[in-house]
Amino acid sequence: MVLAVGIATFGVGRLLAGGTAAVPATLRVLALNSFAAVAEEAFFRRLVYGALAPNGAPVAVGGSGLLFAAVHFTVYGAWVLPLDLAAGVFLGWQRWATGSWTVPAATHVIANVLVVI
Amino acid sequence: VAALPSPPARRCRLGVGLALASLYVAAVAGTLVAVQRPVTPLFDGVQPPPPYRWVDPPVDAAGTNVKPVSNRAEVRFEGGASVLSALTSDDGQIILNLPAGAFPTEPDSTGVMVTFTPLDPAGLGRTPAPLRPEGNAYRVETTYRPSGGAAPLAAAGNIVVTMPEAAETILYSSDGRAWERVPSQELGDSRTLGASFTRAGYYLGGIDSPQRRMVGTGASNGTGGVLLAVVTTAAIALLLGFGAPVVRRLRRRTA
């Protein structure tokens, strides 16, 4: 259920965001996008969330989401901050709701695939 | 074994999730309104740069070129100061980041209109030797709204210029005739340079190569470096994500 909500959310986001894929969804692009997504989730929703979890779920969800947004902000600029903060907190909710980082990882992979289709 | 949450708890968790999902969709919509161009759901992963959009394309890019057009974006005044803004040209090849208070307010003005006009550098003044123009030139105008008077900057922002090929520097001209070098730095890849934005005028990338190195759209340039950076960063993230808990567990076991 949590995964379905995640896929639906990022699917709606992709439809709303519009535009066309910059490149065809080649195997290399898909593999790298998926690798990046899993790596990010291993870091933010496994390590960072796990480190903050003793302080309570709100701190873990908010803290990992904030760091997620901050990292993207430095790469893509200030205007991605609201979007990536919302995405980071949402992925943190998935981690909290399921107790596992693999669900946000799967959601993140699908979100990254949506970028190239 | 952890106990399964009760149905009310499950409903509560789902409610929180749906609220956060709505927040995310609202953030996408808000970002779309703010930047006025398509956005991607998470801003990460690997996307080779899109083809450069030329005002006057070289022969090999003419077939697929999408000519950029002039566009305008407004910087609003709120609470007696201009707001923090990120503005882009129609083609996304120029980005302006302006801090809050970048423009002084003027009586009866609601904000500052920033106009981006892509131009063929061949129609402008010659660049100082040995530099040659790289890509389009852009005229950036800042005028008070609604008076139309020139709006000077009170605080520096920064300008990001994307070029079809690696360039040496950003060039500036106040009138489109006499160019000067602007201290510039690479941002992410060699096709993208950033500089301080302190005044309106003409901006252009300059390269000192005797011949155009680029063939095609430049889409492949810098991709190898980007891929390497993404893979390295992702590998470090994976290592940290899995390594730290494993080390902790081993320490606990040996204690």
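Chains are numbered independently. Their residues run from 1 in the order of the written sequence. Chains carry letters from A onward and ligands carry numbers from 1 onward, assigned in written order. Note on the predicted model: pLDDT of at least 70 is required for a residue's local features to be given, and 80 or more for side-chain atom pairs to be given and counted; whole-chain, interface and lining totals, by contrast, use all residues. Calculation of side-chain values draws on the structure's entire complement of heavy atoms; hydrogens and water are dropped beforehand.

> Sorry if this is basic, but what is going on with the pattern of salt bridges here?
Pairing between side chains becomes possible if they bear opposite charge and their charged atoms approach one another. All names here are of chain B. Salt bridge, as used here, is a side-chain nitrogen of Lys or Arg placed within 4 Å of a carboxyl oxygen of Asp or Glu. One pass over the structure, following the stated rule, counts seven salt bridges over all chains. Here Glu74 and Arg145 are joined by a salt bridge, their closest N and O atoms 2.7 Å apart. With a gap of 71 residues between them, Glu74 in strand S1 (residues 71-78) and Arg145 in strand S6 (residues 132-145) connect regions that are remote in the sequence. Take Arg145: its relative accessible area is 37%, and that puts it in the partly exposed class. For the salt bridge of Asp175 with Arg177, the shortest nitrogen-to-oxygen distance reads 3.7 Å. Secondary structure counts use DSSP, requiring at least four H or I residues in a row for a helix and at least two E residues in a row for a strand, with both numbered from the N terminus. Buried, partly exposed and exposed residues are distinguished by accessible area as a fraction of the type maximum, computed with a 1.4 Å probe on protein chains only: under 20%, between the cut-offs, and over 50%, respectively.

> Hey, could you run me through the environment of B:Ala195 in this one?
Residues and elements named next belong to chain B. For Ala195, the location among the structural elements is in strand S11 (residues 189-197). On the accessibility criterion, Ala195 (7% relative accessible area) is buried. It is 4.7 Å that separates the C-alpha atoms of Ala195 and Ser184, two residues lying eleven residues apart in sequence. Contacts are assigned to residue pairs that have any heavy atoms within 4.5 Å of one another. Residues in contact with Ala195, not counting those within four places in the same chain, are Gly157, Asn158, Ile159, Ile170, Val182, Pro183 and Ser184.

> Help me understand the pairing of strand S4 (residues 94-98) of chain B in this model?
Along a regular strand, successive side chains alternate from one face of the sheet to the other. Residue and element names in this part refer to chain B. Burial runs high along S4: four of the five residues are buried. Here, any two strands with at least 2 DSSP bridges between them count as paired. Bridging between S4 and strand S7 (residues 157-162) involves four bridges; their strand directions are antiparallel. The partner of Ile95 across the bridge, within S7, is Val160.

> Before we go on, may I ask you to explain the sheet that holds strand S5 (residues 111-119) of chain B in this structure?
Backbone-to-backbone hydrogen bonds join strands into a sheet, with any given pair of strands oriented parallel or antiparallel. Residue and element names in this part refer to chain B. Across the sheet, which stays open at both edges, the seven strands sit in the order S2-S1-S5-S6-S12-S8-S9 with antiparallel pairing between neighbours. Lying at the two open borders of the sheet, with one neighbouring strand each, are strand S2 (81-82) and strand S9 (180-182). Bridge count for strand S8 (residues 169-173) against strand S12 (residues 201-207) is five bridges, and the pairing is antiparallel. Its bridge partner being in S12, Ile170 is matched across the sheet by Gly205.

> So what exactly am I meant to see when it comes to the sheet that holds S11(B) here?
Residue and element names in this part refer to chain B. Here five strands make up an open sheet; going across it, the order is S3-S4-S7-S11-S10 and the pairing antiparallel. Bordering the open sheet on either side are strand S3 (85-88) and strand S10 (184-187), each of which pairs with just one other strand. Between one strand and the next, the sheet's axes are offset by a mean angle of 25°, whatever the strand orientation. To get an axis, a line is fitted to the C-alpha atoms, and for a helix only the part in contact is used. The angle between two axes follows their N-to-C directions and goes from 0 to 180 degrees.

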